[in-house]
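Summary of structural features
Next come the chains, spelled out residue by residue.
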Amino acid sequence: MQGRLDMEGALTTRDRVGIQDFVLLDETTEVAIISNLKKRFSKDLIYTYIGTLIVSVNPYKDLDIYNKKQMDVYMGVNFFELPPHIYALADNAYHTMLTEFNNHFILISGESGAGKTEASKKILQYYAVSCPSTTLMNTVRDKMLMSNPVLEAFGNAKTLKNDNSSRFGKYMDIQFDSQGDAVGGHILNYLLEKSRVVHQNHGERNFHVFYQLVEGGSDDLLTQLGLKRDVQHYYYLTQGECAIVSSINDKNDWKSVKNALQVIEFDETNTNHLFRVVASVLHLGNVHFDPDSKGHALLKNNTELNWVSDLLGVDANNLKEGLTFRKIEAKTEQVLSPFTIDHAIYVRDALAKAIYGQTFTWLVNRINESMENKDSPRKTVIGLLDIYGFEVFYVNSFEQFCINYCNEKLQQLFIQLTLKAEQEEYEAEGIEWEPVQFFNNKIICDLVEEKHRGIISILDEECLRPGDATDLTFLDRLEEKMGNHPHFVTHRLADKMTRKTLERGDFRLLHYAGEVTYCVVGFLDKNNDLLYRNIKNLVCQSKNTIVRECFSAVDTTNKRRPETVATQFKNSLQKLTEMLMAKEAWYIRCLKSNESKQPGMSAQKRQRRLIQSTRLFYDLCHPITGQFDEALIRHQVKYLGLMEHLRVRRAGFAYRRKYEDFLKRYKPLCPATWPHWRGMPADGVEVLAQHLGYLPDEYKMGRTKIFIRHPRTLYATEDAYEKCKHDLASKLQAKYKGYKVKGEFKKQKEAATKIETCWRGAQARKEKEKRAWAVKVIKKFIKAYINRGEAKSTDNSEYLAFVRQSYLNRLKNNLPKTVLDKTTWLTPPAVLTQASEILRKLHYRLMVRKYVRGIPPQKKAQLQMKVVTSAIFKGKKENYPPSIPQLFLDTRISEQEINIRVLSMIRNEQVKYSVPVIKYDRNGFKPRPRQFILTKTAAYLVEEAKIKQRVSYNSLKGISVSNLSDGIIVIHITCEDPKQKGDLIIQCEHLYEFLTKLSIIANKQDAIKVVQGSIKIQIQSGKENSVDFTTGQEPMVYKAKNGHLMVVATRTRTR
Ligand SMILES: Nc1ncnc2c1ncn2[C@@H]1O[C@H](COP(=O)(O)OP(=O)(O)OP(=O)(O)O)[C@@H](O)[C@H]1O
Ligand SMILES: [Mg+2]
């Protein structure tokens, strides 16, 4: 990008010389125009615009402005943004074609040597490089490019005006597809200057190909064709006496041509036959005649003739006969009439011209076939018209007449399309307009081509009329008919002064580009362009396929005279004009900077060059009038109508468009017109123009069209449109993408739904199966359930197994955790009642076992004692349950607490347990605190150091306690023992512990009785009392009135 800017910068700076567009000149005088051209030319700026028209001045030297870099700079850039260049025009035409999808043509005009062919080649090269292309396109592109060297070799020649002068008219269509790819090409060729094959003026050459073949062809090829490597040897090549020219390198050009032939896919046979035709012409030129005694033509040497017959593949004798005799068909027989030498030469030359001319057309057709594109139907074209330029020689003949007429036609087309049509359009559209005067060359065109009255008609009449018509009679007829035409003059018709400049056999036309004097000699012959039938028949049978093809197309049996050359040419130009009128035109007006083909340089340099020049002689003969020959340029500016064009341009409008079309294209630029304008198109355009901010001076509204004065207004609009197009495209793209994605989403959703449905179906089917299975299972289950009580059968076996397993499983998780837990046990099903019971027992045993194993020895002893306690009291005495958790101690009175005397008395009996008790006297029931000591053999009631009572275990009859929660113990002692004082009543806090120990030590478990109500006591033998038990608010022990010991116990709350 930077590079590009730099380059553009450099270009613009350089190009600040003069004015780039004549439209911007302060004054539209000829002087101003020429001075601007000269200024720019002196800095090698050869291009200048008049609006979109390019004026190009031939620099006659290679300028470094046609490279790839330059092409890149001009690619896709608005016309006026960069300095004038032929690439800008090419690019603009191309882009207009693409956006508007219509056909275009580029009219390149200017006199011979002005640079038309070069311009057309530059444009072609530009398209070849800048258009997008594929491999396929590349071959088409190469073929288009390569058609040039071939056609130039066969159709161009050195003239006095131009070393590479086009001697045929060429219109080439480059076809583009809708993408802008160059996909094909087609060439139309116009009237080749065939006379050059047999005759060249002094200083001119035949067509290049002849010299190229002789100079460049390989030795082998030349031998095959019977040619010598010496151009001077050939009569047809040497008449102009300049066969070798320093500016032309025939050898190199030959290589290019051979290479080009390959690119355009000429096979070996075709190439070979083509060279044979070229060689045969050279040989034919060297066929000379001698007069016989009667002055009839005799062939001088047969060698050349044999070569011709060999190369063309025709019979030598027949050829010889054809060249020296005319066959006249008289009724039934044929008569041979011998030729004079002149006549024979005429026939020889006619043959040479015919062969070469037809081969040239064949060549164009072959190239067209090779470039043809049949594929893409939507094609638009850019046509390049490069025709021989207006030329004036010392002697001008029929060819110049045709060439200059052709240039008149193109000038007329230019006038039609620019000056006339433009001004008429303003008028028709009602645009205020001051007409610009211009010279309309229609008058000259009419002079030449008008039916029955024009020069061509008169020429044709002379050619066709019976009798002795000659070139001079033709001139007479012209004088007769054109007598007072302002653009026609002859020796006879001229005034005295003019007459001096005219020969008798001349006529002069005042062409748009200047006066040209034509010599009538040869007009009739050239217009007739006759080939005798016997010669025609001969070449029809040629073994050279090209020749045969060419001539068999010409109907030899048709006796009607074919159209004359001039008429054919006139018709083909008419067709060309019509075709071009249907296309949009672009113009390049080429100017010749000087007559001597000299490059522009400073005066000193020019001088130096003159002195050094090897071409000194030539230069002296053709004095240099200056590299920028003002007079020459002025002349061209004048006749090319540049001034008028400029005036129309300046006053006029650069752009116009039908309201409908303008609106259609630019309506997206204004909200009021987008997407639809419902009113009249003109109103829509007005709204649009207002919206775009067009100033009143910048545009005009015609009857059917809008006219925009400056290109910049249009370019700004176009730029806005481009931007808007992108925005619109993005919007459309987004919409489309959205639409596509939505579609995609819908599809996906549908697919998902489908999958879901299928999945659900599958699931449902599975579920159904499962349910069916479940129903079966449940049914079976129910049936089994009903039959569960019955013996195991197929109906219930499974169920029972299930019940069993399920019960066992549940049981496993719900087993009682402790031995004490007697409630937790799952109710078994009927089948498992027995098993459950066994299991329950097993489990309890297991728990017991575990428990038992886990008990330490002391606890075991404790428990064993508790078992004893339990056996005695459980369920019998009220305060037994709360006593269970209270641990039994080994003793309640330690040995230290027992009086030492007591201790010494009973030591040998081993003290097992001692406990403090309260002893109630037997009579008064007075409570007395005592120690109760159990030894191995007896129990002692001790008060301090006194043993109050000893009860041997043998005399221990029984022990009674109440069922209440008191601590009263009655120990029954055998009364027979006189020492005993009767039953002992004591109260012990640790009743259970004490009694358990006593029962174990004395082994008296069965002796302990739990009594309700009262306990009888033996006080002394035979004397009794009673201890009564009752319950009350507070525990009390007292002697009741009845003499009984009354014990009141509180109620122990049962949990
Ligand atoms: N743009 C250019 N840059 C350099 N040299 C040029 C340029 N245009 C033309 N010339 C020179 O001028 C010569 C004549 O140009 P060209 O053959 O294009 O003329 P022409 O208008 O086609 O003539 P004719 O009508 O005789 O065919 C070229 O051979 C070349 O030397
Ligand atoms: Mg040319």
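Considering a positive patch on the surface
A cluster of like positive charges, contributed by Lys496, Arg499, Lys500 and Arg504, occupies part of the molecular surface. Summarising the element assignment, Lys496 is placed in helix α20 (residues 496-499).

Focus on the site of ligand 1
Around ligand 1 sit 20 residues, and of these Ser112, Lys116, Thr117, Ser165 and Ser166 come closest. A distance of 2.7 Å separates an oxygen atom of ligand 1 from a polar backbone atom of Gly113. Contact between ligand 1 and Asn162: an oxygen atom at 2.9 Å from a side-chain N or O atom of the residue. Burial of ligand 1 by the surrounding chains reaches 88%, relative to a free accessible area of 620 Å². Sort the elements by how many residues they give to the shell around ligand 1 and helix α5 (residues 116-130) lands first, with 3 residues. For the shell around ligand 1, the per-class residue count stands at 6 nonpolar, 10 polar and 4 charged.

Topic: the packing of aromatic side chains
According to the stated counting rule, one finds 44 aromatic pairs in the structure shown. Where Phe507 meets Phe523, the ring centres are 5.7 Å apart and the plane angle is 75 degrees; that geometry is what we call edge-to-face. With Phe507 in strand β14 (residues 506-511) and Phe523 in helix α21 (residues 523-528), this residue pair connects regions lying 16 residues apart in the sequence. Put simply, the rings of Phe398, Phe401, Phe474, Phe488, Phe507, Tyr518 and Phe523 pair up and form one aromatic cluster. The lysine or arginine in question, Arg709, covers the ring of Phe653, its NZ or CZ lying 4.3 Å from the ring centre.

Some points on the side chain of Asp629
For Asp629, the position within the fold is in the loop between α26 (616-621) and α27 (630-639). Other than its neighbours up to four places away in sequence, Asp629 contacts Ser593 and Asn594.

A look at the sheet that holds strand β15 (residues 514-519)
One open sheet accounts for 3 strands, arranged β13-β14-β15; its pairing is antiparallel. Each edge of the sheet is formed by a strand with only one pairing partner; in this case those strands are β13 (488-490) and β15. Averaged over all pairs of adjacent strands, the angle between strand axes in this sheet comes to 25 degrees, irrespective of strand direction. Sheet topology places β13 next to β14; 3 bridges connect them, and they run antiparallel. In the strand pairing of β14, Phe488 is matched with Leu509.

Regarding the coordination of the magnesium ion (ligand 2)
Those donors, Thr117 (OG1) and Ser166 (OG), are the protein atoms that reach the magnesium ion (ligand 2), and they lie 1.9 to 2.1 Å from it. A residue pair is termed long-range when its members are at least 10 positions apart, and Thr117 in helix α5 and Ser166 in strand β5 (residues 165-166) qualify at 49 residues. What makes Ser166 buried here is its relative accessible area of 8%.

Notes on the packing of helix α12 (residues 268-285) against helix α13 (residues 302-312)
Close contact between α12 and α13 brings their axes to 9 Å; oriented N to C, the two are set at 160 degrees. Overall, the two elements α12 and α13 adopt an arrangement that is roughly antiparallel. Crossing hand, α12 versus α13: left-handed. The segment α12 lies against α13, with Arg276, Ala279, Ser280, His283 and Leu284 engaging Glu304, Trp307, Val308, Asp310, Leu311 and Leu312. When grouped by side-chain class, the residues that make up the contact of α12 with α13 number 6 nonpolar, 2 polar and 3 charged.

Section: the packing of α12 against helix α23 (residues 545-552)
It is the contact of α12 with α23, at a shortest axis distance of 8 Å, that shows an interaxial angle of 75 degrees. By the criterion of interaxial angle, the relationship of α12 to α23 is roughly perpendicular. Contacts from Asn270, His273, Leu274 and Val277 in α12 reach Thr545, Ile546 and Val547 in α23. Partitioning the contact of α12 with α23 into residue classes produces 4 nonpolar, 3 polar and no charged.

Some words on the pattern of salt bridges
In this structure the tally under the stated criterion is 50 salt bridges. Between Glu118 and Lys121 there is a salt bridge, and its shortest N-O distance comes to 3.6 Å. You can see Glu118 and its partner Lys121 sitting in helix α5, 3 residues apart, about one turn around the helix. On the basis of relative accessibility, which here comes to 18%, the residue Lys121 falls in the buried class. The salt bridge partner of Asp529 is Lys194, with a shortest N-O separation of 2.5 Å. Placement of the pair is Asp529 in the loop between α21 and α22 (533-540) and Lys194 in the loop between β7 (182-190) and α7 (195-198), with a sequence separation of 335 residues. Sharing partners across several salt bridges, the network here consists of Arg167, Glu193, Arg196, Glu204 and Glu391.

A short note on a nonpolar patch on the surface
Side chains of Ile778, Phe781, Ile782, Tyr785, Ile786 and Phe802 sit close together on the surface and give an oily, nonpolar patch of about 580 Å² of accessible area. For the nonpolar patch, the element with the highest residue contribution is helix α31 (residues 711-786), accounting for 5 residues. Looking at the element boundaries, Ile786 is found in helix α31.

Some details on the confidence of the model for the protein chain
Confidence in the prediction of the protein chain, expressed as mean pLDDT, is 87, and 94% of residues score 70 or more. Confidence, expressed as mean pLDDT per element, reaches its minimum in the protein chain at α26 with 37 and its maximum at helix α8 (residues 208-216) with 97. Note on residues 1-14: pLDDT is under 50 here. Beyond four places in sequence and across chains, it has 16 contacts. Here residues 602-626 scores under 50 on pLDDT; set against residues more than four positions off or in separate chains, the count is 21 contacts.

Some words on α27
Every buried residue belonging to α27 is among Leu632, Ile633, Gln636, Val637 and Tyr639, and all of these are buried. Contact partners of the buried residues in α27: α2 (30-42), β2 (53-57), α16 (398-428), β16 (584-591) and α28 (642-651). Between a side-chain oxygen at the N-terminus of α27 and the backbone nitrogen of Ala631 the separation is 3.2 Å; the capping residue is Asp629.

Points about the sheet that holds strand β26 (residues 984-988)
The strand order across the open sheet formed by 8 strands is β23-β22-β21-β20-β26-β25-β24-β27, and the pairing between neighbours is mixed. Of all strands in the sheet, those with a lone pairing partner are β23 (946-952) and β27 (1008-1011), marking the two edges. Strand-to-strand twist across the sheet, computed as the mean angle between neighbouring axes with direction ignored, equals 35 degrees. In this structure, strand β21 (residues 927-935) lies alongside strand β22 (residues 938-943), joined through 4 bridges in antiparallel fashion. If you follow Gln931 over to β22, its bridge partner there is Val942.

Examining the side chain of Ser165
Topologically, Ser165 is positioned in strand β5. There is a polar contact of 3.5 Å between the side chain of Ser165 and the side chain of Ser112.

Let's talk about the environment of Glu479
Structurally, Glu479 can be placed in helix α19 (residues 471-482). You can call Glu479 buried: its relative accessible area is 7%. In sequence terms Glu479 and Ala260 are 219 residues apart; their C-alpha atoms lie 49 Å from each other. Glu479 has contacts with Phe488, Thr490, Arg492 and Leu493, leaving out every residue within four places of it along the chain.

Some thoughts on unusual backbone geometry
Cis geometry is adopted by the peptide bond preceding Pro675, which originates at Trp674 and carries an omega value of 0 degrees. Along the chain, the position of Pro675 falls in the loop between α29 (659-666) and α30 (681-692). Within the chain, Lys597 stands out as a residue other than glycine whose phi angle is a positive 55 degrees. Mapped onto the elements, Lys597 comes out in the loop between β16 and α25 (603-612). A residue is classified by how much of its surface remains accessible, and Lys597, at 14% relative accessible area, is buried. The residue Phe925 is not glycine, and still its phi comes out positive at about 55 degrees. Mapping Phe925 onto the fold places it in the loop between β20 (911-920) and β21.

About the thresholds
- Residues numbered from 1 in each chain as written.
- Chains lettered and ligands numbered in written order.
- Predicted model: local features only at pLDDT ≥ 70, side-chain atom pairs only at ≥ 80, totals over all residues.
- Heavy atoms only, no water.
- Patch = residues over 30% accessible without salt bridge, like charges linked within 9 Å, V, L, I, M, F, W, Y side chains within 5 Å.
- Areas by Shrake-Rupley, 256 points an atom, 1.4 Å probe, with all protein chains shown as cover.
- Salt bridge = Lys/Arg side-chain N within 4 Å of Asp/Glu carboxyl O.
- Lys, Arg positive; Asp, Glu negative; His and termini not counted.
- Charge placed at Lys NZ, Arg CZ, Asp CG, Glu CD.
- Helix = DSSP H or I, 4+ residues; strand = E, 2+ residues; numbered from the N terminus.
- Near = heavy atom within 4 Å.
- Polar contact = N/O pair within 3.5 Å; in protein donor to acceptor, adjacent residues only side chain to side chain.
- Nonpolar A, V, L, I, M, F, W, Y, C, P; charged D, E, K, R; others polar.
- Phe/Tyr/Trp six-rings, centres within 6.5 Å; stacked < 30°, edge-to-face > 60°.
- Lys NZ or Arg CZ within 6 Å of the ring centre and 35° of its normal.
- Contact = heavy atoms within 4.5 Å.
- Pairing = 2+ DSSP bridges.
- Axes fitted to C-alpha atoms, helices over the stretch in contact; angles between N-to-C directions.
- Donors = N, O, S within 2.8 Å, 3.2 Å for Na, K, Ca; no water.
- Buried < 20%, exposed > 50% of the residue type's maximum accessible area, 1.4 Å probe, protein only.
- Parallel < 35°, antiparallel > 145°, perpendicular 65-115°, else oblique.
- Left-handed = near helix turned anticlockwise from the far one by under 90°.
- pLDDT = per-residue confidence, 0-100.

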